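Observations on the model geometry
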Amino acid sequence: MKKIISIAAAAAIITGIFSMRAFAAEENAEFDKNVSKYNALEITDIDISQTSVKPDVYVTRSEFADIAARLMYADFKSISDEPTGDLGKNDKGIIYLHSVGIMNGNGNGEYEPDRNIKITEAVKILSAAAGYTAAAEADGGFKEGYMGLASRLGLLDGTSLTTDEITYSDLFKILDNFIETNVMEKTSSGYTANDTVTALEKYKKIRRATGIEETCGAASIYSYDGKGKDTAVIDGEEFNIGEVDCSDYVGMRVEYYYSYADDENILVYVSPYKNRTVTIMHPDIISFENGEYTYQAENSKQ
């Protein structure tokens with residue numbers, strides 16, 4: 001009986017180890033995907049191969065400020081990096097956010113750039129970036145007014161926050177929510193949410209969408225359509241490929257981001273989105289009509 005229990009316990013431990021490894025691998029893959037996306041959107045500048053930034057690492061005030069500044073100000077490199085107080089040349093984000101009245105010190109002339117940023121501080125910065133400061137202040141200000149606003153806007157949806165600090169894993173979930181948040185704009189009658197402009201559109205002139213990628217350069221789910229090597233077609237709409245490699249996703253549903261300045265849609269980032277992959281051997285294909293394949297499945301069903 002003891003041997004049976006020992007074997008069962010060992011099996012349970014091994015199963016648990018494999019489950020944890022599988023979860024870690026999935027988490028790392030999702031993290032790498034998010035880094036690639038936000039680097040492409042020029043909101044982050046993270047070199048995965050050289051950095052100590054990992055999913056479970058906490059984000060500092062300086063790091064978060066850099067991300068917010070990269071989102072809000074296109075010419076990030078031009079921001080002054082002259083050291084002042086407890087800020088060094090690598091704290092440009094804080095310097096910029098202070099200059100536009102979003103980020104303040106602790107009252108003693110210190111900004112604590114290396115301290116892990118609190119959730120409430122991050123929410124306050126993003127609320128200001130989206131134009132919701134007046135609304136949050138009217139609802140009670142820091143902290144209650146801003147956290148109530150975060151709840152209404154869904155800024156923390158999907159996060160697994162267990163402390164009052166933010167890991168990089170949760171940071172990307174917050175950014176996903178924020179860039180799709182409609183901005184608040186000042187009008188003659190006060191402040192009004194613009195239902196057609198997101199934070200990403202306001203600052204980057206970039207939109208997000210999903211659809212079926214039909215063509216990427218010379219690759220197409222149909223006969224070659226002659227659009228050219230620099231053109232992709234997603235749900236019937238043409239895009240300049242730009243520097244994006246979308247050739248592996250032809251026929252897939254994709255999430256994509258594109259810039260629309262100068263009357264030209266240019267792809268910025270493309271990634272597979274909620275697909276189910278089915279491998280079909282050529283002999284199993286029965287027909288292809290109106291963009292749909294009919295094939296013989298393993299259970300003999302068409």
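Here goes a summary of the coordinates provided.

About the cut-offs
- Each residue is numbered by its place in its chain's sequence as written, counting from 1.
- Note on the predicted model: pLDDT of at least 70 is required for a residue's local features to be given, and 80 or more for side-chain atom pairs to be given and counted; whole-chain, interface and lining totals, by contrast, use all residues.
- The side-chain figures draw on all heavy atoms in the structure; neither hydrogens nor water molecules are used.
- Secondary structure elements are taken from DSSP: a helix is a run of H or I of four residues or more, a strand is a run of E of two residues or more, and numbering for both begins at the N terminus.
- Only protein chains enter the accessibility calculation, which uses a 1.4 Å probe. A residue is then buried if its area is under 20% of the maximum for its type, exposed if over 50%, and partly exposed in between.
- Note on contacts: a residue pair qualifies if any of its non-hydrogen atoms lie within 4.5 Å across the two residues.
- A 1.4 Å probe and the Shrake-Rupley method give the accessible areas. Residues count as covered only by the protein chains that appear here.
- When we speak of the arc, we mean the arc of directions from the helix axis to the C-beta atoms.
- Two kinds of site are reported from a 1 Å grid over the protein atoms alone, namely cavities, where a 1.4 Å probe fits but cannot get out, and pockets, open sets with protein on both sides within 12 Å along at least five of seven lines, and residues are called lining when an atom falls within 4 Å of a point.
- Grid points are joined across faces, edges and corners, and a volume is the space filled by probe spheres set on the points.
- Three categories are distinguished: nonpolar for Ala, Val, Leu, Ile, Met, Phe, Trp, Tyr, Cys and Pro, charged for Asp, Glu, Lys and Arg, and polar for the others, with Gly belonging to the last.
- Geometry of aromatic contacts follows a simple scheme: Phe, Tyr and Trp rings, the Trp one being its six-membered ring, pair when their centres are within 6.5 Å, and the pair is stacked under 30 degrees between planes, edge-to-face over 60, tilted otherwise.
- Should the NZ of a Lys or the CZ of an Arg lie within 6 Å of a ring centre and within 35 degrees of the ring normal, that charge is described as sitting over the ring.

A separate point is the overall build of the protein. Helices and strands together make up the secondary structure of the protein, namely 8 helices and 10 strands. For the protein, the residues scored as buried account for 35% of the 302 residues in total. A separation of at least 24 residues holds for 53% of the contacts in the protein among residues at least 6 apart in sequence. With an accessible surface of roughly 17,600 Å², the protein has 49% of that area assigned to carbon and sulfur atoms.

Within the secondary structure layout, Asn34 lies in helix H1 (residues 2–40). When residues no more than four places from it in sequence are discounted, the contact partners of Asn34 are Phe172 and Asp176.

Below, the discussion takes up unusual backbone geometry. With an omega of 15 degrees, the peptide bond running from Phe142 to Lys143 counts as cis. Turning to its location among the elements, Lys143 is positioned in the loop between helix H5 (133–138) and helix H6 (144–153). The phi torsion at Asp235 lies on the positive side, around 50 degrees, for a residue other than glycine. With respect to the helices and strands, Asp235 occurs in the loop between strand S5 (231–234) and strand S6 (237–240).

Let us now look at H6. Because each turn of an α-helix spans 3.6 residues, side chains separated by three or four positions in sequence point in the same direction. Taken residue by residue, H6 has Gly145, Tyr146, Leu149 and Ala150 as its buried positions. All buried residues of H6 project into a common sector of 140 degrees when viewed along the axis, lining one side. Exposed residues pointing more than 90 degrees away from the buried face of H6 are listed as Glu144, Ser151 and Arg152. Tucked into the core, H6 has its buried residues touching helix H4 (119–129) and H5.

Further remarks concern the layout of surface pockets. Roughly 660 Å³ of volume is contained in the largest pocket. Taken together, 17 residues form the lining of the largest pocket, with Gly251, Arg276, Val278, Ile280 and Tyr293 sitting closest to its centre. Per element, the largest residue contribution to the lining of the largest pocket is 3 residues, and it comes from strand S10 (residues 292–295). Residues of the lining of the largest pocket, tallied by class, amount to 10 nonpolar, 4 polar and 3 charged.

Scanning the model with the defined rule gives 8 aromatic pairs in all. With centroids separated by 6.3 Å and ring planes inclined at 55 degrees, the aromatic side chains of Tyr257 and Tyr269 adopt a geometry described as tilted. In this pair, Tyr257 sits in strand S7 (residues 253–259) while Tyr269 sits in strand S8 (residues 266–272), placing the two residues 12 residues apart along the sequence. The pair Tyr257 / Tyr269 is uniform in exposure class, with both members buried. Each member of the aromatic cluster is reached from another via a ring pair, and the members are Phe31, Tyr38 and Phe172. Residue placement shows Arg70 over the ring face of Phe76; its charged tip is 4.0 Å from the ring centre. Above the ring of Phe76, the side-chain terminus of Lys92 is found at 5.4 Å from the ring centroid.

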